[in-house]
Amino acid sequence: MKDRISALMDGELDDTSASQLIDSLGRDGEALQAWRTYHLISDAMRDGRVLSDGFTARVASRLMAEPALLAPAGLQSEPRKWFALSAAASVAAVSLVGWLAFAPQREARPPQVAQASVTPLKKQPAIVPLPSATNDYLLAHQGFSPRASLQGMAPYVRTVSDQSQESTK
Amino acid sequence: MMPGRALGVAIVLASGLAQAQSPEALGWLRKIQDATQKLSYRGTFVYQHGGRSETSRITRYVDAGGDIDRLEVLDGVPREIVRTRDTIRCYLPESRVVKVDRRTAERDFPALLPERVNALARHYDISLGETRRIAGFDCQAVTLAPKDDLRYGYKLYADVHSGMLLKAVTVDSGGDTVEQFMFTQLAIGPVSRDMVKPRQAARGWRIEDSAAAPARLAGWELSSELPGFHKVSELKRRLGESRPVGQLVYSDGLAAVSVFIEPLEGRRDPVRTGLASMGAIHIYTREVANHRVTVVGEAPAVSVQRIADAVEYRRPH
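Remember, predicted model here, so these are calculated numbers, not experimental data.

### Some details on the overall build of chain A
Per the secondary structure count, chain A includes 10 helices and zero strands. If you list the helices and strands of chain A from N to C, you get α-α-α-α-α-α-α-α-α-α. Every one of the 169 residues in chain A was classed for burial, and the buried ones make up 36%. Residue pairs at least 24 apart in sequence account for 49% of intrachain contacts in chain A once pairs closer than 6 positions are excluded. Carbon and sulfur atoms form 60% of the exposed surface of chain A, whose accessible area is close to 9,900 Å².

Put into structure tokens, the structure is as follows:
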């Protein structure tokens, strides 16, 4: 299971396996915990922003603490207030749902999605596995990158870094 | 630490904050470039992308008779790349293959010449960032923020004394890290020639020579260039065992995108149109005029796809 979670984070699962696994994340407490831990490790390694421990639990408990808005009593007397509170709660709920819905796809999401909102692509490209000749292409390409003049040989690590991954695809 | 240096760093920092395109920041890019070229060193670095990380050892030997660089991947499948003045050799012990690529004068960007560093300012806001300690070195951060979403942003951390680049982070338009290189250990100073010798004897291995040579790819061009990206090279080469391909290279001075063009005749595997990615590298494949066109570059997906969509063939008259 943990291998599959790791594969999901790396975007290596096909759509069917990914959605099965995401479903099981919803059911399996241990799997969900592993999912969160892996992301925490990954965020820490990449120096990214890390949500504090127990963030999810705190958001959930705040939502629980919101007034029970669906109770019919008092609706007639204070319709405006009800509307405002309801809207606020809806936004909160939508935010949480949105956050939960998008969180598991963060790694699997093709990277062009973020770009697309700024410069719309003519069409959304199909996501395909790396070509079998990826290493040959990278080796041929790398020598032309002006970045080498700031970084020497280091970018060449990309040339061959995914050989093992490639063979599994 | 000497008080004078601390003051110097403080002044540099303050001026970096004051203006986006500081001459100091451009000066730092030149300093990094100088160090990359002139220093001998040996170190261990980690390459991270998409939750993966991989450790490599890198050694650079500077010599009047020709510099030699050696990169050895320490995790996973053993691999080694040695670059001399005229060749790049990639040793793959498991498949017993040596891939050889020739370097020509034209291909060696004599790197970012001073005027090219200045030209970078057309597409990037270049500024100084914080100072930070990395692998025991006090480092100065230099930020290159792209002026549009057609290129990535970079944060470079260089040793304040030597200018040696200790860490390089690539970020997308959302500010998320796409990939990063970071030294975890580094010794700057003379290395022996033995240290850059390939570990692999490679006797009896298959040699795949790219036979790359400048050439004109008649009829192939982009219907429109991507803003800031200009054609810097055009050549013919072989990929892998024998496939002949054409290669066009476009660059904005920092990022580069290659267009590979392969005839489809006699090939059975169908062209799968679409996008693949690995760290900051995007690869877009499509079919044009009975050729497989593969666009490879360290640029956002939108840039790679726009270049791929612009590739066209016009029968030369």
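### Looking at the packing of helix 1 (residues 2-9) of chain A against helix 2 (residues 15-27) of chain A
Residue and element names in this part refer to chain A. Two elements in contact, helix 1 and helix 2, have axes whose closest approach is 11 Å; the angle formed by their N-to-C orientations is 120°. Considering the relative orientation of helix 1 and helix 2, their crossing is left-handed. Here helix 1 contributes R4, I5 and L8 to the contact with helix 2, which in turn contributes S17, A18, Q20, L21, I22 and L25. Class assignment for the residues of the contact of helix 1 with helix 2 results in six nonpolar, two polar and one charged.

### A closer look at the sheet that holds strand 15 (residues 230-239) of chain B
Paired through their backbone hydrogen bonds, the strands of a sheet run either parallel or antiparallel. Residues and elements named next belong to chain B. Judged by pairing direction, the sheet is antiparallel, and its seven strands sit side by side in the order 13-15-16-17-20-19-18 without closing on themselves. Each edge of the open sheet carries a strand with a single partner, namely strand 13 (213-214) and strand 18 (274-278). Inspection of the sheet shows strand 15 paired to strand 16 (residues 243-251) by nine bridges, in the antiparallel sense. Residue pairing for strand 16: K236 is matched across the bridge by G246. Where helix 4 (residues 301-310) meets the sheet, it contacts strand 17 (256-263), strand 18, strand 19 (281-288) and strand 20 (291-297), and its direction lies at approximately 20° from that of strand 19.

### Description of the pattern of salt bridges
All names here are of chain B. What the rule picks out here adds up to 27 salt bridges over all chains. The partner of D86 in a salt bridge is R85, with the nearest N and O atoms 3.9 Å apart. A relative accessible area of 53% places R85 in the exposed class. Each member of the salt-bridge network shares a partner with another, and the members are R57, R70, E72, E80 and R199.

### Points about the nonpolar core
Within soluble globular proteins, side chains that are nonpolar tend to cluster in buried spots. Among the nonpolar cores identified, the biggest contains 49 residues, and B:L29, B:I126, B:L144, B:L156 and B:V259 are the most heavily contacted of them. Looking at this core, the element that brings in the most residues is helix 4 of chain B, giving six residues. Ignoring any residue separated from it by four or fewer positions in sequence, one finds B:L29 in contact with A:L150, B:V117, B:L120, B:I126, B:V142, B:L144 and B:L156.

### Things to note about helix 1 of chain A
Buried residues of helix 1 of chain A: A:I5, A:A7, A:L8 and A:M9, and no others. Of the residues flanking the end of helix 1 of chain A, it is A:G11, one or two places downstream, whose phi is positive at about 70°.

### Notes on the sheet that holds strand 11 (residues 177-188) of chain B
Residues and elements named next belong to chain B. Strand order in the open sheet made by the 12 strands is 7-8-9-10-11-1-2-3-4-5-6-12, with mixed pairing throughout. Where the open sheet ends on each side, the last strands, each with one partner, are strand 7 (124-134) and strand 12 (206-209). Across the sheet, the mean angle from the axis of one strand to that of its neighbour is 15°, orientation sign disregarded. As paired strands, strand 4 (residues 79-83) and strand 5 (residues 87-92) are joined by four bridges and run antiparallel to one another. Residue pairing for strand 5: R83 is matched across the bridge by I88. Contacting strand 2 (52-61), strand 7, strand 8 (137-146), strand 9 (153-159) and strand 10 (165-171), helix 2 (residues 23-38) crosses the sheet at an angle of about 65° to strand 7.

### Some points on the side chain of B:S258
Note on placement: B:S258 falls in strand 17. Judged by relative accessible area, B:S258 falls into the buried class, the value being 0%. Engagement of the side chain of B:S258 in a polar contact is seen with the side chain of B:Q247, the distance being 3.0 Å. With near-sequence residues (within four places) excluded, B:S258 lies in contact with A:H141, B:Q247, B:L248, B:V249, B:T294, B:V295 and B:V296.

### Remarks on the packing of aromatic side chains
Residue and element names in this part refer to chain B. Going through the model one piece at a time under the given rule, you end up with eight aromatic pairs over all chains. Between the aromatic rings of F45 and F181, the centroid separation amounts to 6.2 Å while the plane-to-plane angle is 45°, which identifies the pairing as tilted. Of the two residues, F45 sits in strand 1 (residues 41-49) while F181 sits in strand 11, which places them 136 residues apart along the sequence. The pair formed by F45 and F181 is uniform in burial state, with each residue classed as buried.

### A few points about the interface of chain B and chain A
On the side of chain A, 54 residues touch chain B, which itself brings 90 residues to the contact. Of the roughly 6,200 Å² buried at the junction of chain B and chain A (both faces included), carbon and sulfur atoms supply 61%. If you look at where chain B meets chain A, you find three salt bridges. For B:E179, the salt bridge identified is with A:R147, shortest N-O distance 3.6 Å. Between chain B and chain A we count 12 residue pairs in polar contact (both at pLDDT 80 or more) in total. Of the residues contributing to the side of chain B that touches chain A, the split by class is 39 nonpolar, 28 polar and 23 charged.

### Comments concerning helix 4 of chain B
Since the α-helix turns once every 3.6 residues, residues separated by three or four places project in the same direction. The element helix 4 of chain B is largely enclosed, with a buried count of nine among its 10 residues. By the burial criterion, the buried members of helix 4 of chain B are B:A301, B:V302, B:S303, B:V304, B:Q305, B:I307, B:A308, B:D309 and B:A310.

Rules behind the numbers
- Residues numbered from 1 in each chain as written.
- Chains lettered and ligands numbered in written order.
- Predicted model: local features only at pLDDT ≥ 70, side-chain atom pairs only at ≥ 80, totals over all residues.
- Heavy atoms only, no water.
- Helix = DSSP H or I, 4+ residues; strand = E, 2+ residues; numbered from the N terminus.
- Buried < 20%, exposed > 50% of the residue type's maximum accessible area, 1.4 Å probe, protein only.
- Contact = heavy atoms within 4.5 Å.
- Areas by Shrake-Rupley, 256 points an atom, 1.4 Å probe, with all protein chains shown as cover.
- Axes fitted to C-alpha atoms, helices over the stretch in contact; angles between N-to-C directions.
- Left-handed = near helix turned anticlockwise from the far one by under 90°.
- Nonpolar A, V, L, I, M, F, W, Y, C, P; charged D, E, K, R; others polar.
- Pairing = 2+ DSSP bridges.
- Salt bridge = Lys/Arg side-chain N within 4 Å of Asp/Glu carboxyl O.
- Core = buried A, V, L, I, M, F, W, Y, C linked by side-chain atoms within 4.5 Å.
- Polar contact = N/O pair within 3.5 Å; in protein donor to acceptor, adjacent residues only side chain to side chain.
- Phe/Tyr/Trp six-rings, centres within 6.5 Å; stacked < 30°, edge-to-face > 60°.
- Buried area = accessible area lost by both parts, 1.4 Å probe.

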